[in-house]
Amino acid sequence: MVIFRRLQRGSRRFWRLAGIFAAIVVIAGLLTSATAGMIGSEDEDHDAGSAEVEEDEGDGGPQAPADFLNDRFTSRQDITDDQVQQAVAQAAQFGENGESWRLVGPSNIGGRITGLVVDPRRPNTIYVAAAGGGVWRSTDAGVTFQPAWDSRLPQALGSLEMGRDGTLWAGTGEANPSGGGLTFFGNGVYRSTDGGRSWQSWGLSRSGSIGRLLVDPVNPRRVFAAATGNLSGTAQQHGIYRLADNGRDWQLVLAAPNRTTGGVDLAIDPVNHNRVYAVLWDHQRNNGARVYGGVGSGLFRSDNGGDTWTRLENVTGTSPTDQTGTGLRSDASLGRIGVAVAPNDHNRVYVITATQYGPDKGFYVSNDGGTSFAPGGRAGGGSGYAWWFGKMWVDPKNENHLYAADVSLRESIDGGATWGVSSGVHADQHAMQWDPNQPNRVYLGNDGGVYRSDANGATTTWVHATYEPFNQSYHLAVAQDDPSRLATGLQDNGSVRTWTDKAPPGDLTQWNAYGGGDGHEVVIDYKDHNVYYECSQVGVCHRHQDPDGTSVNFGPRHSTRITTDAPVILDPSDPNVVYFGGNVLDRSTDRGTTFTQISPPGDFLTGPVPPDEDDKGPFYANEYATITWIAPAKTDPKTIYLGTDTGRLWKTGDLGATWTEFTGKGLPTRWINSIVVDPADANHVFVAFSGYREGDLAANIWETTDGGTSWDNISGRLPNGPVEMLTYDQQRHRLYAATDLGVFVNRNGRTNWQRVGRGLPNTSILDVKITGDGRTLYAATFGRSVWSIRIDD
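Everything in this summary refers to the structure shown in the same document. Keep in mind the model is a prediction, meaning the values are calculated, not measured.

Let's talk about unusual backbone geometry
Thought 1: At the junction of Gly105 and Pro106, the peptide bond is cis and its omega measures out at 0° in the coordinates.
Thought 2: Here Pro106 lies in the loop between strand E1 (102-105) and strand E2 (113-118).
Thought 3: In the segment running from Asp546 into Pro547, the intervening peptide bond is cis, with an omega of 10°.
Thought 4: Among the structural elements, Pro547 can be located in the loop between strand E38 (540-545) and strand E39 (550-553).
Thought 5: For Asp428, which is not a glycine, the phi torsion comes out positive at approximately 70°.
Thought 6: Mapped onto the elements, Asp428 comes out in the loop between strand E27 (420-421) and strand E28 (429-434).
Thought 7: Classification of Asp428 by relative accessible area gives buried; the value is 0%.

Here it is, written out as structure tokens:
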């Protein structure tokens, strides 16, 4: 676990294969305006003796980055399945060609794991599901990993299981609700009978996400799936499903009581395989609120293999954290539930619950197979977002030794009466399994990747994997004088770089941290690569300087609202000039030490926060209606273009004294992701918009050659989906576009787009950068790390 606060977890954006359910409805999540300094107060549940630092909602928690990205990708509009499938079909028309993409790194950091299974038939072999990176296999006890998933399949995974016959089952679509960065929807269940070398689609393609798969330990042909659905309640398949006798079709065996409820967890009695436990979870989001609980949530048991079900709600006593006193009964306050059965005592059942807003609701213990429960100790860590976890694991040799997922790894050795922390791991726990062939060996998956303990999970005995290239990158920076000097901001893994303050870049698979939290914007001074910048969420930014390793906080700025992914831009004619955007534009002439406001105050540039987007909660206010991109002109330092998340596009020709708005000149009114000014002509500008629109053609990239007097849609045949970032090769007149469906290039033609290269994994590309020598293009993916391709042909 890194010593900085790891804020985020999950990730959610439209998934790019047919069948995805991407009706993502979002909310303007928000934090407070961050003007200087690293945020780093300890959580109140920080355990004595633990080397870990808990995450804090004040730092953003898991929700803020996700809210930002959901809003950005959908442009705050409902997305239909037809729109997503249209974009997928449009992307499929572009064939791969030319050079092959090459994985660069980082491979030593790791990313969020949502599933983990140990192969009992092959020593030292495990499989993991990466939230945005597919399935990976290790044959050296979790030290290194290799892909076990076709890069052309959807990369978002929510669950992974293995039957006693060795069949692997993977559920696509992450069920963790928008936390930390992005969580994605998928297109159902996949099956592999050859150790992940090949996969077949196996139904439930309209389920949105899969919270858990369960394979009967006696009959591997009987498989259960907890279909979670999506947050907007439009998924057609949600609830608990069982594979039919024909081995192919799925039968709904526990229906959800309403459209906002889906299945999220499953457990089975190790002695009586006809006794199955299932969890339904009522959760939703809209443009004004997130409610991760409701009357549809509940714990159920079947004693006949799933044919019929009984609700389990007999709790004697009240948990001290249960403010409503309703326990497991149907109630608006009942949120996510996790269930686990002790492998060596099939009557011992553990249950952990959350409220609809995230705090712990209660932890319960049963000694009669769930017929009755009694409250136990406080299993949750008091993080305030228990909806991100909902998982428990019991030691197969000791029914009193168990773990609960939270920001820290919660551990009890007395049947849940008291709890501590097993330290030495990254934040945000999601998957765990013991090795049946190695006494005391247990594996763990969290937002930092994969860990192994050979001491039964004892604190500080965890060893981190060394090769796991499934990071989720937000932004990328490349030094103009050194194509190997790279930096990227990572989901829940800070900002990382390929060099140190004492040594130049070497092995580009090995990166090291220089900023904490969720790494967002990263910048390298284009004249002096020893000066560089990083930001965590909500504009907590720093300037770094080598070789002494100095770190300087950004000075106070003047915005009252700052988005999670606040833009930081260097003036292309003077690297000492730094621009920062919130709801106003700030300018620094001393590399971020001090700032001057150069735009009108208040809502002038962004417009007011829409009433239904005005979050009144304590954590996520003041992150919407902000500047999302800033583009100063190189040939005219007084000219600046900027865009907002409210779809407003502006220009000033006098360093902010006066402003001209272009919204309404035929341009879309949608989230503006990127603006590029031709370095040779301040009147030649490209703008990229996010979201979708109705119709057959995309409308996401626009161009002006007269300073904004007129605009042309140059999207051509590009897929009708979000364009995340643009970069312009002025010498060759090539415009590169990073999208959720690949990287594309426009070569000397207003609408002449082609796919760039071959072999890039099927995951969203959030940033692209060209090296200073013009020979290499880098792409930052959200789930498969950073890739490169030669472009000097």
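What about the nonpolar core?
Thought 1: Residues Trp101, Leu585, Ile675, Val743 and Leu777 are the most contacted members of the largest nonpolar core, which totals 44 residues.
Thought 2: Considering each element in turn, this core owes the most residues, 4 residues, to strand E44 (residues 627-632).
Thought 3: Those residues within four positions of Val743 in sequence are excluded, and the remaining contacts are Trp101, Ala737, Gln754, Arg755, Val756, Leu760, Ile765, Val768, Leu777 and Ala779.
Thought 4: By size, the runner-up hydrophobic cluster in this structure holds 36 residues, among which are Leu231, Trp387, Val425 and Leu444.

Some thoughts on the packing of aromatic side chains
A ring pair, where both rings are aromatic, is described by two values, the distance of the centres and the angle of the planes.
Thought 1: One pass over the structure, following the stated rule, counts 23 aromatic pairs.
Thought 2: Members of the aromatic cluster, each reached through a chain of ring pairs, are Trp281, Tyr292, Tyr385, Trp387 and Trp388.
Thought 3: Between Arg248 and the ring centre of Trp202, over which it is positioned, the NZ or CZ distance is 3.9 Å.
Thought 4: Sitting over the face of the ring of Phe94, Arg717 holds its NZ or CZ atom 4.3 Å from the ring centroid.

Digging into the state of the cysteines
Thought 1: One pass over the structure, following the stated rule, counts 1 disulfide.
Thought 2: Each sulfur in the disulfide pair Cys535 and Cys541 lies 2.0 Å from the other. Taking the sign of the S-S torsion, about 110° here, the bridge from Cys535 to Cys541 comes out right-handed.

Side note on the pattern of salt bridges
Thought 1: All chains considered together, the criterion is met by 24 salt bridges.
Thought 2: Residue Asp265 pairs with Arg212 through a salt bridge whose shortest N-O separation is 3.1 Å. Placement of Asp265 in strand E14 (residues 261-268) and of Arg212 in strand E10 (residues 210-215) is noted, with a sequence separation of 53 residues between them.
Thought 3: Accessibility expressed as a relative area gives 2% for Asp265, which makes it buried.
Thought 4: The partly exposed category is assigned to Arg212, whose relative accessible area is 21%.
Thought 5: As a salt-bridge pair, Arg485 and Asp482 come within 4.0 Å of each other at their nearest N and O atoms. There is no split in this pair, since Arg485 and Asp482 are both buried.

Description of the sheet that holds strand E55 (residues 753-755)
Thought 1: Within the open sheet, the 4 strands sit side by side as E52-E53-E54-E55. Their pairing is antiparallel. The two strands at the open ends of the sheet, each matched to only one other strand, are strand E52 (723-729) and E55. Put simply, the sheet's adjacent strands are angled 25° from each other on average, direction ignored.
Thought 2: When strand E54 (residues 742-747) meets E55, the two strands line up antiparallel, connected through 3 bridges. Of the residues in E55, the one forming a bridge with Phe744 is Arg755.

Quick notes on the rules
Residues numbered from 1 in each chain as written. Predicted model: local features only at pLDDT ≥ 70, side-chain atom pairs only at ≥ 80, totals over all residues. Heavy atoms only, no water. Helix = DSSP H or I, 4+ residues; strand = E, 2+ residues; numbered from the N terminus. Buried < 20%, exposed > 50% of the residue type's maximum accessible area, 1.4 Å probe, protein only. Core = buried A, V, L, I, M, F, W, Y, C linked by side-chain atoms within 4.5 Å. Contact = heavy atoms within 4.5 Å. Phe/Tyr/Trp six-rings, centres within 6.5 Å; stacked < 30°, edge-to-face > 60°. Lys NZ or Arg CZ within 6 Å of the ring centre and 35° of its normal. Disulfide = S-S within 2.5 Å. Salt bridge = Lys/Arg side-chain N within 4 Å of Asp/Glu carboxyl O. Pairing = 2+ DSSP bridges. Axes fitted to C-alpha atoms, helices over the stretch in contact; angles between N-to-C directions.

From the geometry alone we can't say anything about function, so treat these as descriptive.
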